Amino acid sequence: MIAVNKQKLKGPVAVLYGGESSEREVSLQSGQAVIDAFKRLGIEIVALDVKTAELPAAITQHGIRHCFIALHGGA
């Protein structure tokens, strides 16, 4: 189990998942598990599928300072 200090998290956590690799489906499943866990902990998240999201714009728009990378596979 990972301890999370919610007081140190400034703004939402971006969960980066999906993508375009051959392991996209695994990444979608992993990302959803992370999203669900953060929600259970009461941590504000922004889910970003890196295949479809405009990452720089989304990061700026949502004030993201922390990311959890749930991507799989190569570039």
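Everything below is about the structure shown above.
The rules behind the values
Residues numbered from 1 in each chain as written. Predicted model: local features only at pLDDT ≥ 70, side-chain atom pairs only at ≥ 80, totals over all residues. Heavy atoms only, no water. Helix = DSSP H or I, 4+ residues; strand = E, 2+ residues; numbered from the N terminus. Contact = heavy atoms within 4.5 Å. Phe/Tyr/Trp six-rings, centres within 6.5 Å; stacked < 30°, edge-to-face > 60°. Buried < 20%, exposed > 50% of the residue type's maximum accessible area, 1.4 Å probe, protein only. Pairing = 2+ DSSP bridges. Axes fitted to C-alpha atoms, helices over the stretch in contact; angles between N-to-C directions. Polar contact = N/O pair within 3.5 Å; in protein donor to acceptor, adjacent residues only side chain to side chain.

*Asks:* Explain the environment of Val 15 to me, please; I cannot follow it from the model alone.
*Replies:* Mapping Val 15 onto the fold places it in strand S1 (residues 13-17). Taking the C-alpha atoms as reference points, Val 15 and Ile 45, separated by 30 residues in sequence, lie 6.9 Å from one another. Among all residues touching Val 15, those that are not within four sequence positions of it are Gly 31, Val 34, Ile 35, Phe 38, Ile 45, Val 46, Ala 47, Leu 48 and Phe 68.

*Asks:* Explain the packing of aromatic side chains to me, please; I cannot follow it from the model alone.
*Replies:* Each aromatic ring pair is characterised by the separation of its centres together with the angle its planes make. Taken as a whole, this structure holds 1 aromatic pair when the rule is applied. Ring geometry for Phe 38 against Phe 68: centres 5.9 Å apart, planes inclined by 85 degrees, an arrangement best described as edge-to-face. In this pair, Phe 38 sits in helix H1 (residues 24-40) while Phe 68 sits in strand S3 (residues 66-69), placing the two residues 30 residues apart along the sequence. For Phe 68, a relative accessible area of 33% corresponds to the partly exposed category.

*Asks:* What should I look at first to understand the sheet that holds S3 in this one?
*Replies:* Pairing is parallel across the open sheet formed by 3 strands, whose spatial order is S2-S1-S3. The sheet is open, and its two edges are formed by strand S2 (45-49) and S3, each paired on a single side. Averaged over all pairs of adjacent strands, the angle between strand axes in this sheet comes to 25 degrees, irrespective of strand direction. Each of S1, S2 and S3 is contacted by H1, which is oriented at about 160 degrees to S1, the strand it contacts most.

*Asks:* Is there a simple way to explain the side chain of Asp 49 in this structure?
*Replies:* Of note, Asp 49 is situated in strand S2. Residue Asp 49 is classed as buried on the basis of its relative accessible area, which comes to 14%. At 2.7 Å, the side chain of Asp 49 and the side chain of Arg 24 are in polar contact. In this structure the side chain of Asp 49 is engaged in a polar contact, spanning 2.9 Å, whose partner is the backbone nitrogen of Lys 51. Apart from the residues within four sequence positions on either side, Asp 49 is in contact with Tyr 17, Gly 18, Gly 19, Arg 24 and Leu 28.

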